[in-house]
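These are the residues of each chain, in order.
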2 protein chains.
Amino acid sequence: MKDLPKISEAEWQVMKVLWDKSPLTANEIVDQLANNTEWNPRTIKTLLNRLMNKNALGIQQDGRVYWYYPLVSKEECARSERESLLKRVYNGALQPLLAAFLEEQKLSNEEIDELKQILEDKGKSK
Amino acid sequence: MKDLPKISEAEWQVMKVLWDKSPLTANEIVDQLANNTEWNPRTIKTLLNRLMNKNALGIQQDGRVYWYYPLVSKEECARSERESLLKRVYNGALQPLLAAFLEEQKLSNEEIDELKQILEDKGKSK
DNA sequence: TATTTTTGATTACAAATGTAATACATTAAA
DNA sequence: TTTAATGTATTACATTTGTAATCAAAAATA
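Now for a description of the structure that goes with this document.

About the cut-offs
Along each chain, residue indices are assigned from 1 in the same order as the chain's sequence is written. To read the labels, note that chains go from A and ligands from 1, taken in the order they are written. Only residues with pLDDT of at least 70 are given local features in this predicted model, and only at 80 or more are side-chain atom pairs given and counted; all residues enter the totals for whole chains, interfaces and linings. Side-chain measures here rest on the full set of heavy atoms in the structure, leaving out hydrogens and waters. We call two strands paired when DSSP finds no fewer than two bridges between them. In DSSP terms, a helix is any run of H or I states spanning at least four residues, a strand is any run of E spanning at least two, and both are numbered starting from the N terminus. Contacts: residue pairs with any heavy atoms within 4.5 Å of one another. Axes, fitted as lines to C-alpha atoms, cover a helix only where it is in contact. Angles between the N-to-C directions of the axes lie from 0 to 180 degrees. Note on terms: buried area is the combined drop in 1.4 Å-probe accessible area of two parts once they are placed together, counting the loss on both. Any carboxyl oxygen of Asp or Glu within 4 Å of a side-chain nitrogen of Lys or Arg constitutes a salt bridge here. Pairs of N or O atoms are called polar contacts if they sit within 3.5 Å, as long as, within protein, a hydrogen donor faces a hydrogen acceptor (for residues adjacent in sequence, only side-chain-to-side-chain pairs). Lys, Arg, Asp and Glu make up the charged group, whereas Ala, Val, Leu, Ile, Met, Phe, Trp, Tyr, Cys and Pro make up the nonpolar group; the residues left over, Gly among them, are polar.

## Regarding the sheet that holds strand E3 (residues 65-70) of chain A
The strands making up a sheet associate through hydrogen bonds between their backbones, and the pairing can be parallel or antiparallel. All names here are of chain A. Read from one edge of the open sheet, three strands run E1-E3-E2, paired in antiparallel fashion. Edge positions in the sheet fall to strand E1 (24-25) and strand E2 (57-62), since each of these pairs with one other strand and no more. In the sheet, E1 pairs with E3 via two bridges, with the strands oriented antiparallel. Along E3, the bridge assignment pairs Thr25 with Trp67. Those strands touched by helix H1 (residues 9-20) are E1, E2 and E3, and its axis lies near 90° from that of E3. The sheet contacts of helix H3 (residues 41-53) involve E2 and E3, and relative to E2 the element is tilted by about 110°.

## Things to note about the sheet that holds strand E3 (residues 65-70) of chain B
Residues and elements named next belong to chain B. Sheet architecture is open: three strands sit in the order E1-E3-E2, paired in antiparallel fashion. Unpaired on one side and paired on the other, strand E1 (24-25) and strand E2 (57-62) mark the two borders of the sheet. Across the sheet, helix H1 (residues 9-20) is in contact with E1, E2 and E3; its angle to E3 comes to roughly 90°.

## A word on the interface of chain A and chain B
Taken together, the contact pairs 43 residues of chain A with 43 residues of chain B. Surface buried jointly by chain A and chain B totals about 4400 Å² across both partners, of which 64% is contributed by carbon and sulfur atoms. The largest contributions to the chain A side of the interface with chain B come from A:Arg82, A:Arg88 and A:Leu119, which together make up 16% of the buried area. Our count for the chain A to chain B interface comes out at eight salt bridges. For B:Glu120, the salt bridge is made with A:Lys116, and the minimal N-O distance between the two is 3.6 Å. Remark: the boundary between chain A and chain B carries 15 residue pairs in polar contact (both at pLDDT 80 or more). Within the residue set of the side of chain A that touches chain B, elements represented by two or more residues are H1, helix H4 (74-90), helix H5 (94-104) and helix H6 (109-124) of chain A. Examining the composition of the side of chain A that touches chain B, we find that 13 residues originate from one element, H4(A), more than from any other. Class assignment of the residues belonging to the side of chain A that touches chain B gives a composition of 18 nonpolar, seven polar and 18 charged.

Interpretation note: all reported values are geometric properties and have no functional meaning in isolation.
Right, dumping it as structure tokens:
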């Protein structure tokens, strides 16, 4: 498995915009983020550059405008974050982590049923 | 809810030792960590100092030896980390997070049953 | 054509983090 | 009592991160 770039908290915001839709120009990304953040557009440009340097984003140049797109998938980055939490906080013990999530947070009945279904299937496949 | 100190990756290692057993002297902590890390004892002293400055650890002085103990509970720090992941990566959507954890990781049949039980109980309590 | 505007590139700067080294004070040993 | 060892406090230094400002080049405009 290729080694993923480490994506910081602020960078995650930017990546999420591009995972949602890409390629986008810097200005389009700035517009998207204007809804969720108070960042100066300069700040966003900086984050875009850092993400390019980390090989998390690629560009496609059209004249002097860049179109940015992800070079890593959201799912692989998400997995890396999940594993990081699991290991750092729970020493890799999945059950306690899940139990804590389940007990604390609110889930709809539908969601509960979906999760039960996943567990059923896992139980059977053994 | 009191505002928790932000505990870094390396600091988590130290805190886990003390959550497991406390109070401990710096040397005892160093000994514990010798098993899991390659850190220089100086490094560990630095981390202990930073954690004290963050009010994550307190000390009880005995002569010139300090006995360190946690000022924040593991559970509240763990919750903070869970929430951070949930929000940063999943925009707060719990079900997809849990589904991803469940699908990817390996759980024993017993663990699966325990989780099903938790889900049952949650379903009922609505 | 000279000037302003726009877009990306480079530089800035403080705080946090990883990873120690050095300094200082006190106790134990010679 | 002087010296060495031990424990804590202070200082160090590079990298990452948050948050921009400035610079340079190209395009649009006067």
